[in-house]
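Chains, contacts and geometry: an overview
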Amino acid sequence: MSDTIAFDPGIGNLAVDFYTEAYIIENDLANMPQYARKVRYYNVVYKKLMKAFLNNLAFFKGCLAWAYYIVNEKKDADITGNPFVSYTEEQKAQYAPTEMIDFTIEYFEKFKSDLKYYHIKNVEFPDFTTDILNKYREFLAINEGFINAHKVSDIKLPENLEFTKTLDEIKNIIDDVIKTKNSDNLLSL
C-alpha cells in the first residue's frame, strides 16, 4: 500500500472571500458623495479589510509551506482529498485557478494607495507580501490549478521557494494553526 498525504491538511477553511470584502467596501465608498464621510467610513472599515488581506496572505504562505513540506518529505505519496482532480470537463472549462490571487495582487496596490488617500497612517504589510503573492500565483499557474495532482510528484514548486524553518518546524506550525484556527502563525513560516 502506498503512502498518502492530504491535499489540504486543514488550512483551506481559514481562507476568506477577500473579493467580497473589498467589493462591499468599494461599493459603499462609491455611493458616498462627500470625501469627509468616506474618510470616516474608511477609518472604520480598513481594519476589516486588512484582517481579511493578512488572513489570505497567511493562507497563501501556508499553502506554499505545505507543498514545500510534502514535496520534500512525502515525494512518492498519493494525494487524498484534492477536489480539483474530480472536476468534470464543464467545471474545468469554468475554473480560473488564478482569479482570486490575480485580484488580490491587483487590489494590493490599490489598498496601499487608499490607505494614504484616506489618511490612514502606521499600517505596514509584511516585507514578504509581494513575494508571497507572486509565488502563490506562480504556484497555481504551474500546477494548472491542481486538476492533475494525484501524487505529490505531480506538484511543482515555484522557483527559489525557500523557508527559514525546517520541515519539522513547518509541519508543527501548520498543525498548531489547524488546532488553534489562528492563521497568523502561518506568516512566521
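Bear in mind that the values here come from a model prediction, so they are computed numbers and not experimental data.

Here we come to the packing of aromatic side chains. Within the structure shown, the criterion is met by 28 aromatic pairs. Seen in terms of ring centroids, Phe-7 and Phe-146 are 5.5 Å apart; in terms of plane orientation they differ by 70 degrees. Their pairing is edge-to-face. Here Phe-7 is found in the loop between strand S1 (4-6) and helix H1 (18-30), whereas its partner Phe-146 is found in the loop between helix H5 (129-142) and helix H6 (167-180), with 139 residues between them in sequence. Summarising the burial analysis for this pair, Phe-7 and Phe-146 share the class buried. Three or more aromatic residues joined by ring pairs form one cluster here, namely Phe-7, Phe-59, Phe-60, Phe-84, Tyr-87, Tyr-95, Tyr-136, Phe-139 and Phe-146.

Our next topic: the side chain of Thr-129. Assignment of secondary structure puts Thr-129 in helix H5. According to the relative accessible area criterion, Thr-129 is buried, its value standing at 1%. The residues contacting Thr-129, other than those within four sequence positions of it, are Phe-53, Leu-57 and Phe-108.

By size, the foremost hydrophobic cluster in this structure holds 62 residues, and its most contacted members are Ile-11, Tyr-42, Phe-111, Tyr-136 and Ile-174. Contributing elements (two or more residues each) for this core: H1, helix H2 (35-73), helix H4 (99-117), H5 and H6. Element by element, the count of residues in this core is highest for H2, at 22 residues. Ile-174 has contacts with Pro-9, Ile-11, Gly-62, Ala-65, Trp-66, Leu-186 and Leu-189, leaving out every residue within four places of it along the chain.

So, about H5. Compared with an ideal rise of 1.5 Å per residue, which puts 14 residues at 20 Å, H5 spans 20 Å between its outermost C-alpha atoms and is within 8% of the ideal. Taken residue by residue, H5 has Thr-129, Ile-132, Leu-133, Lys-135, Tyr-136, Phe-139 and Leu-140 as its buried positions. Check the buried side of H5 and you find it contacts H2 and H4. Looking at the residues trailing H5, positive phi occurs at Glu-144, about 50 degrees.

Our next topic: the pattern of salt bridges. Under the counting rule described, the total for this entry stands at 10 salt bridges. With a shortest N-O distance of 3.9 Å, Asp-3 and Lys-74 are connected by a salt bridge. Taken together, the residues Asp-3 in the segment before S1 and Lys-74 in the loop between H2 and strand S2 (78-80) connect sequence positions 71 residues apart. Using a relative accessible area of 42% as the deciding quantity, one classes Asp-3 as partly exposed. On the accessibility criterion, Lys-74 (25% relative accessible area) is partly exposed.

Parameters and conventions
- Residues numbered from 1 in each chain as written.
- Predicted model: local features only at pLDDT ≥ 70, side-chain atom pairs only at ≥ 80, totals over all residues.
- Heavy atoms only, no water.
- Phe/Tyr/Trp six-rings, centres within 6.5 Å; stacked < 30°, edge-to-face > 60°.
- Helix = DSSP H or I, 4+ residues; strand = E, 2+ residues; numbered from the N terminus.
- Buried < 20%, exposed > 50% of the residue type's maximum accessible area, 1.4 Å probe, protein only.
- Contact = heavy atoms within 4.5 Å.
- Core = buried A, V, L, I, M, F, W, Y, C linked by side-chain atoms within 4.5 Å.
- Expected span 1.5 Å × (residues − 1).
- Salt bridge = Lys/Arg side-chain N within 4 Å of Asp/Glu carboxyl O.

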